[in-house]
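Remarks on the overall topology
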Amino acid sequence: MDHNNGLKASEFNKKVGQRIVKQRKDQKLSQTKLAEKLFVTFQQVQKYEKGLNGVSGFKIKQLSLALDVPVNYFFDYQIEVIDGKLCSSNVPIDNRQNV
């Protein structure tokens, strides 16, 4: 049984890395500044962003705090930050109807 929906670890790491880059740049943080917040080297941040290294659960939590996004931001690829608001399918999350 395929529990990963066909997503390979390397693809997953790249998607997480893309999210890190987007938020870091949106917040005008250098890799060095983000690395300081995560207590890692800027080279490690580069590896996360390129998807070369996986990000541990603990580090995801640190990233969410450092980049001011919820943890699921790195996992739910439908969530976007638009005009400073977290959105899903281009609708602000806090304005969506309960289904």
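Before reading on, note that the structure itself is shown above.
This write-up is about the structure you can find in this document. Given the structure is predicted, the values throughout are model-derived calculations rather than measurements. (Residues numbered from 1 in each chain as written. Predicted model: local features only at pLDDT ≥ 70, side-chain atom pairs only at ≥ 80, totals over all residues. Heavy atoms only, no water.)

**Re the packing of helix H2 (residues 31-38) against helix H4 (residues 57-67)**
- Orientation of H2 relative to H4, taken along the N-to-C sense of each, is 120°, at an axis distance of 9 Å. Our classification of the angle between H2 and H4 gives oblique. The chirality of how H2 crosses H4 is right-handed. For the pair H2 and H4, the contacting residues are Leu34, Lys37 and Leu38 in the first and Lys59, Gln62, Leu63, Ala66 and Leu67 in the second.
- Tallied by class, the residues present in the contact of H2 with H4 amount to 5 nonpolar, 1 polar and 2 charged. (Axes fitted to C-alpha atoms, helices over the stretch in contact; angles between N-to-C directions. Helix = DSSP H or I, 4+ residues; strand = E, 2+ residues; numbered from the N terminus. Parallel < 35°, antiparallel > 145°, perpendicular 65-115°, else oblique. Left-handed = near helix turned anticlockwise from the far one by under 90°. Contact = heavy atoms within 4.5 Å. Nonpolar A, V, L, I, M, F, W, Y, C, P; charged D, E, K, R; others polar.)

**Overview of helix H3 (residues 42-50)**
- Burial in H3 covers these residues: Gln44, Val45, Tyr48 and Glu49. In a view along the axis of H3, the buried residues occupy a sector of 140°, so they form one face of it.
- Those residues of H3 hidden inside the fold are in contact with helix H1 (9-26), H2 and H4.
- Phi for Gly51, located one or two positions after H3, is positive at around 80°. (Buried < 20%, exposed > 50% of the residue type's maximum accessible area, 1.4 Å probe, protein only. Arc of directions from axis to C-beta.)

**Considering the packing of aromatic side chains**
- All told, the structure shown has 1 aromatic pair when counted by the stated rule.
- Ring centres of Tyr73 and Phe74 lie 5.4 Å apart, and the angle between their planes is 85°; on these two criteria the pair is classed as edge-to-face.
- A residue is classified by how much of its surface remains accessible, and Tyr73, at 0% relative accessible area, is buried.
- A relative accessible area of 0% places Phe74 in the buried class.
- Against the face of Tyr73 rests Arg19, its NZ or CZ located 4.7 Å from the ring centre. (Phe/Tyr/Trp six-rings, centres within 6.5 Å; stacked < 30°, edge-to-face > 60°. Lys NZ or Arg CZ within 6 Å of the ring centre and 35° of its normal.)

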